[in-house]
Amino acid sequence: MQLFETIAHLFHPRRSNNHRARLLHPDSIFSLLLIVVGFGLAIHNLNLVSKDLGSILGYASDIQVGQVVTLTNAERTKGGLGTVQLNETLSSAARAKAADMFEKQYWAHVSTTGKQPWDFMKEAGYSFSAAGENLARDFSTTPEMISAWMGSPTHRANIMNGTYTEIGVAVVNGNLEGIDTTLVVQMFGKPPGAKPAVTAEASETVVTQVATKARTTETATVAPAAVVPTKVRPTPTPTILVFGETPVQVPAGSPSVLSDISVTVGSLYPEQISPLDIMKPVFLSILLMIILTLAYDAHMFERKNTFRVVGRNLAHILYLAVIAGIIVVFTSGVIK
Amino acid sequence: MYVLKELSSHIYAYLVLLVVLGVHAAAFLYWADTRFEQQLLILLLTISYFIWGVLAHVKTAQITRHVVLEYLGIATLGGLLLLLLTF
């Protein structure tokens, strides 16, 4: 009986709540605000704690090197371009770049010490006459990330550049500026003397070979840096970065020395749940509860045909519905 | 019917609100991959809704402290939910 009374007090306009559902009173809304803040902090802290406890919660990413190559080639083929072949040396340059970003804690094409993407390629022993770089972070799936790149003119220009014949990809987990994330570095190159991949030559064989090579790369342990195998953890909020919209001409013949980058990155986690996957349903439930309460309150108010000075329920409903819509379509992931 | 009655009584106010909400939603999706812009938009949306609510009630001379706090609470709650997702 007590429970029923409480529920009625919270949701049903009547004398005890001054004829307005208690949940819609400012003090209740502010209490809800505190609960939401507490919940948000708990989710983020739980993620931090999980590092020591061995993964209770974390970020989930399903990005795989092979998929990045395959989907990149699929886009190129659609655009009438030849496919790019996965190059292990270029991939090691990409891994070195990712490791450098975690080590020096930056998110940019040019490092904090002024090091350019080409410098990583040269250090890895990759000779090229043209090169480009795309970056992404916090995406949970490869198609989502490729689609973000394709939606950005500058990143798209790199992917759809017929000059490039080779690709290197690194998918690395770590902690960047306090956030557990997955960085994806995509490097393109054209070795000196190689013919541009302008014509479509996307044969099944080439694609299969690329995919096979990529799978090998995923399992290979290159540096202490966390090379992301298939399903590891990562990622809260996504982004992308591009470099080399205009292919940079660099003299060929750099020393053939593999970089020996030693970085301590966040430890790898087994499969985990993204905070986004927890926050979204909780937030949507809160919004739905308030929207339904507002609708019910408006309905009851109209039936009783009384006068009261309160906020406009319809306006609140419209505002919260837009917020709910944005939450539904919200995806993690950022590109550069 | 509550919705029709409410809309017809304050048609211009609701038109303004719909435009504000529509523009913000579209801009949010346009900057889907850039967090900073999204966070600015969330802040702008929160402030816009609060101001809209206060002005709409000032216009009808039905403004009280309770109403202002209600708009502040609802606007902040919506903004906060979005903001938490972007961090």
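On a predicted model such as this, the values are computed, not experimentally measured, just so you know.

Considering empty space enclosed by the protein
If you roll a probe as big as a water molecule over the atoms, it shows you where there is empty space left. Residue and element names in this part refer to chain A. Inspection of every chain in the model, using the stated rule, returns one cavity of 30 Å³ or more. Pro-13, His-19, Met-300, Phe-301, Lys-304, Thr-306 and Arg-308 together form the lining of the largest cavity. Looking at side-chain class alone, the lining of the largest cavity contains three nonpolar, two polar and two charged residues.

What to know about the layout of surface pockets
Quantified by volume, the largest pocket comes out at close to 450 Å³. Considering the residues around the largest pocket, the lining is formed by 19 residues, among which A:Phe301, A:Arg308, B:Tyr2, B:Glu6 and B:Gln62 are closest to the centre. At the level of secondary structure, the elements contributing two or more residues to the lining of the largest pocket comprise helix 9 (275-304) of chain A together with helix 1 (2-9) of chain B. Among the residues making up the lining of the largest pocket, the classes are represented as six nonpolar, eight polar and five charged.

A few points about the pairing of strand 2 (residues 130-137) of chain A
Residues and elements named next belong to chain A. Counted residue by residue, strand 2 has eight buried out of eight residues, so it is predominantly covered. Where burial is concerned, the two faces of strand 2 agree: the one with Ala-130, Gly-132, Asn-134 and Ala-136 and the one with Ala-131, Glu-133, Leu-135 and Arg-137 are both buried. Direction of pairing for strand 2 relative to strand 4 (residues 179-190): antiparallel, over a ladder of eight bridges. Looking at the pairing, Gly-132 lines up with Phe-188 of strand 4.

Overview of the nonpolar core
In summary, soluble globular proteins display a tendency toward joint burial of nonpolar side chains. With 51 residues, the main nonpolar core has A:Ile290, A:Tyr319, B:Tyr49 and B:Trp52 as its most contacted residues. If you list the elements that add at least two residues to this core, you get helix 2 (26-53), helix 9 and helix 10 (313-329) of chain A together with helix 2 (11-30), helix 3 (35-59) and helix 4 (65-86) of chain B. Contact partners of A:Ile290, with chain neighbours within four places excluded, come to A:Leu23, A:Leu24, A:Leu32, A:Leu320, B:Ile74 and B:Leu77.

Topic: the interface of chain A and chain B
The interface of chain A with chain B comprises 50 residues on the first partner and 49 residues on the second. Surface buried jointly by chain A and chain B totals about 4200 Å² across both partners, of which 75% is contributed by carbon and sulfur atoms. The three residues of chain A that bury the most area against chain B are A:Arg312, A:Leu314 and A:Tyr319, which together make up 20% of that side's buried surface. One can count two salt bridges joining chain A with chain B. B:Glu70 serves as the salt-bridge partner of A:Arg20, at 2.5 Å between the closest nitrogen and oxygen. Along the contact surface separating chain A from chain B lie eight residue pairs in polar contact (both at pLDDT 80 or more). Sorting the residues of the side of chain A that touches chain B by element identifies helix 2, strand 5 (239-243), helix 9, helix 10 and strand 6 (334-335) of chain A as the ones contributing at least two each. When its residues are assigned to classes, the side of chain A that touches chain B shows 35 nonpolar, eleven polar and four charged.

Quick look at the packing of aromatic side chains
Tallied over the full model, the rule gives nine aromatic pairs over all chains. With 6.0 Å between their ring centres and 70° between their planes, A:Phe39 and A:Phe283 make a pair best called edge-to-face. With A:Phe39 in helix 2 and A:Phe283 in helix 9, this residue pair connects regions lying 244 residues apart in the sequence. Judged by relative accessible area, which is 24%, A:Phe39 ranks as partly exposed. One aromatic cluster is present, built from ring pairs that chain together A:Tyr319, B:Tyr14, B:Tyr49, B:Trp52 and B:Tyr71. The positively charged end of A:Lys115 is found above the aromatic ring belonging to A:Phe120, 4.4 Å away from the centroid. A cation sits over an aromatic face here: A:Arg137 above A:Trp107, 5.6 Å from the ring centre.

Observations concerning unusual backbone geometry
All names here are of chain A. Unusually for a residue other than glycine, His-19 sits at a positive phi of about 60°. When you line up the elements, His-19 lands in the loop between helix 1 (2-11) and helix 2. In this structure, Gln-105 takes a positive phi of about 55° despite not being glycine. Within the secondary structure, Gln-105 is located in the loop between helix 4 (88-104) and helix 5 (117-124).

Regarding the confidence of the model for chain A
Residues and elements named next belong to chain A. Scored by pLDDT, chain A has a mean of 74; 71% of the residues are at 70 or more. The weakest mean pLDDT in chain A belongs to helix 8 (residues 204-219) at 33; the strongest belongs to helix 10 at 94. Overall, residues 199-238 carries pLDDT values under 50, and its contacts beyond four positions in sequence, including any with other chains, amount to 130 contacts.

Criteria and cut-off values
Residues numbered from 1 in each chain as written. Chains lettered and ligands numbered in written order. Predicted model: local features only at pLDDT ≥ 70, side-chain atom pairs only at ≥ 80, totals over all residues. Heavy atoms only, no water. 1 Å grid on protein atoms, 1.4 Å probe; cavity = no way out; pocket = protein on both sides within 12 Å on 5 of 7 lines; lining within 4 Å. Points joined across faces, edges and corners; volume = space filled by probe spheres on them. Nonpolar A, V, L, I, M, F, W, Y, C, P; charged D, E, K, R; others polar. Helix = DSSP H or I, 4+ residues; strand = E, 2+ residues; numbered from the N terminus. Buried < 20%, exposed > 50% of the residue type's maximum accessible area, 1.4 Å probe, protein only. Pairing = 2+ DSSP bridges. Core = buried A, V, L, I, M, F, W, Y, C linked by side-chain atoms within 4.5 Å. Contact = heavy atoms within 4.5 Å. Buried area = accessible area lost by both parts, 1.4 Å probe. Salt bridge = Lys/Arg side-chain N within 4 Å of Asp/Glu carboxyl O. Polar contact = N/O pair within 3.5 Å; in protein donor to acceptor, adjacent residues only side chain to side chain. Phe/Tyr/Trp six-rings, centres within 6.5 Å; stacked < 30°, edge-to-face > 60°. Lys NZ or Arg CZ within 6 Å of the ring centre and 35° of its normal. pLDDT = per-residue confidence, 0-100.

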